[in-house]
Amino acid sequence: MRKIYAVWLLAAWLIAWKMPPVFAATLDFNDLEIPGIDFTYMPDYASQQFYLTSTEYPNNAFIAPMQGNGLYFGSASLINQYTSKADTILREGSNALFTLDSMQVHDIEGPVNITFFAYDANSAILGTQQFNITESSGWNTIDFDSGFSSVSSVVWQQTESFAFDNIELNTVVPEPVSCVLFCIGGLTIAAARRLRKK
């Protein structure tokens, strides 16, 4: 019976160890769905443990078009209104590593060139990716490559302002259940070794 129990817990420990990150988040800006024809102005944005900030104009760098605004493209979105003067920074609130999977972008006044940079905790570049909108074509989805996995922050630079929405991310931190199983498995291995000595 002890052997069966030990094997079961060892299996649980191995599953927890191999488990991929499970905390997924989508920044869809639905909390910015507001009736009206103006913009909502904000210095930064926070949702689901993730933060968006700007390198310039901290008081009103971001704008969110209201539902009757001409720049409202079917759903709430965010715009860094200062074009090439400011970079947008995405990070996780507790400084945990995360993976950027994809995001949607929409042009505002014509061609847009965007350069994305992925950084580690020491500000070393892990990956870069460029995306160009040559003509107005509605929402475009950017899928990010492996250089944007397990990053500390992502920064993007733009030649012109554009709207962004539906940022898909996941953290690299294991969920609590996985950690518990991992610990139980470790204790089980230690107990099994003790029994062998006896």
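This text follows the structure it describes.
Reading guide: rules and limits
Residues numbered from 1 in each chain as written. Predicted model: local features only at pLDDT ≥ 70, side-chain atom pairs only at ≥ 80, totals over all residues. Heavy atoms only, no water. Core = buried A, V, L, I, M, F, W, Y, C linked by side-chain atoms within 4.5 Å. Buried < 20%, exposed > 50% of the residue type's maximum accessible area, 1.4 Å probe, protein only. Helix = DSSP H or I, 4+ residues; strand = E, 2+ residues; numbered from the N terminus. Contact = heavy atoms within 4.5 Å. Pairing = 2+ DSSP bridges. Axes fitted to C-alpha atoms, helices over the stretch in contact; angles between N-to-C directions. Phe/Tyr/Trp six-rings, centres within 6.5 Å; stacked < 30°, edge-to-face > 60°.

A.B. asks: Could you give an account of the nonpolar core, with specific residues and numbers?
C.D. replies: Core analysis: the largest hydrophobic core is formed by 34 residues, its most contacted members being Leu52, Leu90, Trp156, Phe164 and Ile167. Residue assignment for this core shows that the elements contributing at least two residues are strand 1 (24-27), strand 4 (50-54), strand 5 (62-65), strand 8 (98-107), strand 9 (112-119), strand 10 (125-133), strand 12 (153-158) and strand 13 (162-171). Not counting residues up to four positions away in its chain, the partners in contact with Leu90 are Leu27, Phe50, Tyr51, Leu52, Phe98, Leu100, Ser153, Val154, Trp156, Ile167 and Leu169.

A.B. asks: Outline the sheet that holds strand 10, supporting the account with residue identities and numerical values.
C.D. replies: Pairing is antiparallel in the open sheet, where 6 strands are placed in the order 3-4-7-12-9-10. A strand with exactly one partner marks an edge of an open sheet, and here the two such strands are strand 3 (45-47) and strand 10. Each strand axis lies, on average, 15 degrees off the axis of its neighbour in the sheet, ignoring direction. Where strand 9 and strand 10 come together, 8 bridges link them in antiparallel fashion. Paired with Ile114 across the two strands is Phe131, which belongs to strand 10.

A.B. asks: Please set out the packing of aromatic side chains residue by residue, giving values where relevant.
C.D. replies: This structure, assessed with the given rule, holds 11 aromatic pairs. The interplanar angle of 55 degrees and the centroid separation of 5.7 Å between the aromatic rings of Phe116 and Trp156 together place this pair among those described as tilted. Taken together, the positions of Phe116 in strand 9 and Trp156 in strand 12 put the pair 40 residues apart, joining distant regions of the chain. Overall, Trp156 belongs to the buried group, its relative accessible area being 0%. Through a chain of ring-to-ring contacts, three or more aromatic side chains come together here, namely Phe29, Tyr45, Phe116, Phe144, Phe148, Trp156, Phe162 and Phe164.

A.B. asks: Describe in detail the pairing of strand 1, supporting the description with residues and values.
C.D. replies: Here strand 1 shows a clear split, with Ala25 and Leu27 buried on one side and none of Ala24 and Thr26 buried on the other. By the bridge criterion, 4 bridges tie strand 1 to strand 13 in an arrangement that is antiparallel. Following the sheet pairing, Leu27 is matched in strand 13 by Ile167.

The quantities given are spatial measurements derived from coordinates; they are silent on function.
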